[in-house]
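Here's the letter readout for the chains.
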Amino acid sequence: MSSDLVNLLGLPRAELQAFVAERLGAKPFRARQLMKWIYRHGAADFATMSDLAKEFRAALESVARIAVPEIVTEQLSGDGTRKWMLRMDQTQGIETVYIPEPDRGTLCISSQVGCAMDCSFCSTAQQGFNRNLSVAEIVGQVWLAQRELGDPRGEGRKITNIVLMGMGEPLANYRNVVPAMRIFMDDLGYDLSRRRVTLSTSGLVPQIYKLAEECNVALAVSLHAPNDELRNELVPINRKHPIDELLTACWHYLDKQNGRSVTFEYVMLDGINDRPEHARQLARLLRGRPAKLNLIPFNVFPGTRYRRSPAAAIVRFRDILNESGVIATIRRTRGDDIDAACGQLAGRVTDRTVVRLGKRLMASERSVGVR
Ligand code: SAH
């Protein structure tokens, strides 16, 4: 759908105001009206925007549009979790997941088509990387879910939390992710508090420092191992930004943002990172720190060499942490019957990378004689 029309979906408030002023000679309140229509009422058609003057609507039609992603498939899990595959273009698809719980509803959105981080236990990584999503494509996932869920605003709303935990590494698409998060928190956008928008990263340290200066959201970090040797294998970016550098960046982020704690995700892989000794190492790293640990039972996918830790091992791991004064909880697996659980989002990706991060880092290490 190539078009010269400007897509208003995802335009930050200041840019939308500039657009209506420059292109249409309109006052800033027109931009505010438009935002309410797009995000509160989920409108995609200027004709339905009844409090805008007819001439203004006609002028809008000639320069702008509201282009939303298209749904390819929808799946509903036995536990109420819903997963949509959205078409990004002829060949590419990404996935968005809605997870209802008694006291909240979480929308898990994607930030890239595929992922280049190459974490060995993640099915998105196996697909490779194709491209970054635009701001409109990131915000469009929320727009669509709101429409599909028939989500009312205010009291009783269904999407109460947004997590950037779908496909992709959000901090590798910093330029588009940050404006999208601003729309999630804008009172004329999705009006969520900063504690209800969570960005999860595999550990891009320089971007964590940048984020600390620019945007205030909850931070989650995919730790997955208590020492560099093991983390190098599981999360290859660790070879560039090892654990102590990563943790220093996390504490800096909290200081800057006046945040309460960082959530550390830890996938439980049978016989790999789930021994009591690993729990004790982890406790030494995080004890006395503003940290919460989220233990994620590994979700299998075709072709993986890993297995999920037995339930008893996960409980024991949690108990060791709790007894050492580190808050750890076990994440309940949701939507695994429709492959919507953590690490199972595969979408439809044509890999355009020649080499992915893991291989590239290993190659560069070899070339300087490391290992
Ligand atoms: N790239 C970002 C955002 C993804 S969040 C990040 O790494 O944080 C998705 C979470 O699920 C991450 O913590 C990821 O490491 C974890 N995950 C990936 N594959 C998984 C699997 N097969 N089972 C359970 N968790 C997995």
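Everything numeric here is computed off the predicted structure, so don't read it as measured data.

Colleague: Could you clarify how one ought to interpret the pattern of salt bridges in this entry?
Modeller: Opposite charge on two side chains permits them to pair, given that their charged atoms come into close proximity. With the rule as written, the count across this model stands at 16 salt bridges. A salt bridge links Arg-104 to Glu-101, with the nearest nitrogen and oxygen atoms 3.7 Å apart. Its relative accessible area of 32% is what places Glu-101 among the partly exposed residues. Residue Arg-284 pairs with Glu-277 through a salt bridge whose shortest N-O separation is 3.6 Å. What makes Glu-277 partly exposed here is its relative accessible area of 37%. Members of the salt-bridge network, linked through shared partners, are Arg-13, Asp-186 and Asp-187.

Colleague: What exactly am I supposed to notice about the nonpolar core here?
Modeller: For soluble globular proteins, nonpolar side chains are generally found buried alongside one another. Leu-8, Phe-121, Met-181, Phe-184, Phe-264 and Leu-321 are the most contacted members of the largest nonpolar core, which totals 116 residues. Apart from the residues lying within four places of it in its own chain, the contact partners of Phe-121 are His-224, Leu-234, Val-235, Val-267, Leu-269, Phe-298, Phe-301 and Tyr-306.

Colleague: Explanation requested: the packing of helix H1 (residues 13–24) against helix H2 (residues 28–40) in the structure shown.
Modeller: For any two helices packed against each other, one specifies the inter-axial angle together with the distance between the axes. One can describe the packing of H1 onto H2 by two numbers: an axis separation of 8 Å at closest approach and a directional angle of 125°. Relative to H2, the element H1 lies oblique. The handedness of the crossing between H1 and H2 is right-handed. Side by side, H1 and H2 meet where Arg-13, Leu-16, Gln-17 and Val-20 of the first sit next to Pro-28, Arg-30, Ala-31, Arg-32, Leu-34 and Met-35 of the second. A class-by-class count of the residues in the contact of H1 with H2 yields six nonpolar, one polar and three charged.

Colleague: What's the story with the sheet that holds strand E9 (residues 161–164) in this structure? I'm lost.
Modeller: Pairing is mixed in the open sheet, where 10 strands are placed in the order E3-E4-E5-E6-E9-E10-E11-E12-E13-E14. The sheet is open, and its two edges are formed by strand E3 (70–76) and strand E14 (327–330), each paired on a single side. Each strand axis lies, on average, 20° off the axis of its neighbour in the sheet, ignoring direction. Sheet analysis places strand E10 (residues 197–201) next to strand E11 (residues 218–222), joined by four bridges and oriented parallel. Counterpart to Thr-201 in the pairing with E11 is Val-221. Against the sheet, helix H6 (residues 174–185) engages E9 and E10, with an angle of about 155° to E10. The strands touched by helix H9 (residues 243–257) are E11, strand E12 (262–268) and strand E13 (291–297); relative to E12, the strand with the most contacts, the crossing angle is about 145°.

Colleague: Just checking my understanding: could you explain the pairing of E14 for this structure?
Modeller: Successive residues of a regular strand alternate their side chains across the two faces of the sheet. Examined bridge by bridge, E13 and E14 share four bridges and lie parallel to one another. Within E14, the position partnered with Leu-295 by the bridge is Ile-330. Of the crossover connections in this fold, the one passing from E13 over helix H11 (residues 311–323) to the parallel E14 is right-handed.

Colleague: Looking at this model, I keep getting lost on the confidence of the model for the protein. Mind explaining?
Modeller: Close reading of the predicted structure is inappropriate where its pLDDT is low. Confidence in the prediction of the protein, expressed as mean pLDDT, is 92, and 95% of residues score 70 or more. Contacts of residues 365–371 to residues separated by more than four positions or lying in other chains number six contacts, the stretch itself having pLDDT below 50.

Colleague: Can you help me understand the site of the ligand in this one?
Modeller: By nearness alone, 22 residues border the ligand, and Ser-200, Ser-222, His-224, Asn-299 and Gly-343 come closest of all. Here Ser-200 contributes a side-chain N or O atom positioned 2.6 Å from an oxygen atom of the ligand. A distance of 3.2 Å separates a nitrogen atom of the ligand from a polar backbone atom of Cys-342. Contact with the protein chains covers 95% of the free accessible surface of the ligand, which is 540 Å². Elements with a minimum of two residues in the shell around the ligand: E10, E12 and E13. Taken together, the residues of the shell around the ligand break down into 11 nonpolar, nine polar and two charged.

Colleague: Help me understand the side chain of Ser-222, please; the structure alone is not making it clear to me.
Modeller: Considering the arrangement of structural elements, one finds Ser-222 in strand E11. Owing to a relative accessible area of 14%, Ser-222 belongs among the buried residues under this scheme. Apart from the residues lying within four places of it in its own chain, the contact partners of Ser-222 are Ser-200, Thr-201, Ser-202, Arg-231, Val-235 and Glu-265.

The rules we used
- The residue numbers shown here count from 1 along each chain, following its written sequence.
- A pLDDT threshold of at least 70 governs which residues receive local features in this predicted model, and a stricter bar of 80 or more applies before side-chain atom pairs are shown or counted, although totals over entire chains, interfaces and linings include all residues.
- Note that water and hydrogens are dropped before the side-chain values are worked out from all heavy atoms of the structure.
- In the sections that follow, a salt bridge refers to a side-chain nitrogen of Lys or Arg positioned within 4 Å of a carboxyl oxygen of Asp or Glu.
- Think of it in three bands: residues with accessible area under 20% of the maximum for their type are buried, residues over 50% are exposed, and the middle band is partly exposed, with areas taken using a 1.4 Å probe on protein chains only.
- Put simply, a nonpolar core is a bunch of buried Ala, Val, Leu, Ile, Met, Phe, Trp, Tyr and Cys residues held in one set by side-chain atoms that sit within 4.5 Å of each other.
- Any two residues having at least one pair of non-hydrogen atoms within 4.5 Å are treated as being in contact.
- Axes here refer to lines fitted to C-alpha atoms; in helices the fit is confined to the stretch in contact. Angles between the N-to-C directions go from 0 to 180 degrees.
- By definition, any uninterrupted DSSP run of H or I lasting at least four residues is a helix, any uninterrupted run of E lasting at least two residues is a strand, and each is numbered from the N terminus.
- Note on angle classes: values under 35 degrees are labelled roughly parallel, values over 145 roughly antiparallel, values of 65 to 115 roughly perpendicular, and the remainder oblique.
- Crossing handedness: left-handed means the near helix sits turned counterclockwise from the far one by under a right angle, and right-handed means the same turn made clockwise.
- Amino acid classes used here: Ala, Val, Leu, Ile, Met, Phe, Trp, Tyr, Cys and Pro are nonpolar; Asp, Glu, Lys and Arg are charged; the rest, including Gly, are polar.
- Strand pairing requires that DSSP identify at least two bridges connecting the strands.
- Here, the term right-handed applies to a crossover whose path from the first strand over the helix to the second runs clockwise when the strands point away from the viewer.
- Residue-level confidence of the predictor, termed pLDDT, takes values from 0 up to 100.
- Proximity is defined per residue: if any heavy atom of the residue lies within 4 Å of a molecule or strand, that residue is considered near it.
- Here a polar contact means two N or O atoms within 3.5 Å. Within protein one must be a hydrogen donor candidate and the other an acceptor candidate, and residues neighboring in sequence count only if both atoms are side-chain atoms.
- Residue burial considers only the protein chains on display, and all accessible areas are found by Shrake-Rupley using a 1.4 Å probe.

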